[in-house]
Amino acid sequence: MSTPTKARRPRRPKIVLSSTRLAELEALSEGMMRRNPDLAEQLVEELGRARIVTPARLRPDVVDIGRRVTYRDETAGKDHTITLVLPQDADISNDCISVMTPIGVALIGLAEEAVFHWETRDGQRRELKILKVFPAEQEALQGA
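Residues numbered from 1 in each chain as written. Predicted model: local features only at pLDDT ≥ 70, side-chain atom pairs only at ≥ 80, totals over all residues. Heavy atoms only, no water.

### Remarks on the environment of Ile-108
Part 1 of the reasoning: For Ile-108, the location among the structural elements is in the loop between helix 3 (102-107) and strand 6 (115-119).
Part 2 of the reasoning: Accessibility expressed as a relative area gives 2% for Ile-108, which makes it buried.
Part 3 of the reasoning: Once the C-alpha coordinates of Ile-108 and Leu-17 are considered, the two residues, 91 residues apart in sequence, prove to be 8.0 Å apart.
Part 4 of the reasoning: What Ile-108 contacts, discounting residues up to four positions off in sequence, is Ile-15, Leu-17, Leu-25, Val-63, Asp-64, Ile-65, Leu-84 and Val-99. (Helix = DSSP H or I, 4+ residues; strand = E, 2+ residues; numbered from the N terminus. Buried < 20%, exposed > 50% of the residue type's maximum accessible area, 1.4 Å probe, protein only. Contact = heavy atoms within 4.5 Å.)

In structure tokens form, the structure reads like this:
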């Protein structure tokens, strides 16, 4: 006789953040609590499971504010390249997406090759994969 198995939630990929970014995101989530409590709670949950490193130890293949990232929507079969930014720098026409959006919260701290599930604002479940993370402009200049 077999025992019924519960549908398991897919394992969420690891998140890595720098200690300075953690403080910044905590402050943003506090400010977001009144305007969008669900999104703020989602960010707090992600921050709670993140591994925190010094800024110098944050690997260049990890999504961070100011870095460009290319990800594939496996469900739709489309690639997207965006730059993750602070809310005041968001500009959808230039593919600058705020970290305080559902996709921004989902992407922050993920490394290349991470696969994760994400729910769109209209409730559709998508599987996304991080293909490439590009350094921020200032990081690229420092490495030159």
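### Re helix 2 (residues 37-48)
Part 1 of the reasoning: Look at helix 2: 16 Å from first C-alpha to last across 12 residues, which is about the 16 Å you get at 1.5 Å a residue.
Part 2 of the reasoning: Of the residues making up helix 2, those classed as buried are Leu-39, Ala-40, Leu-43, Glu-46 and Leu-47. Take helix 2 and look down its axis: the buried residues cluster within an arc of 120 degrees, on one side only. Of the residues in helix 2, the exposed ones pointing more than 90 degrees away from the buried face are Asp-38 and Gly-48. (Expected span 1.5 Å × (residues − 1). Arc of directions from axis to C-beta.)

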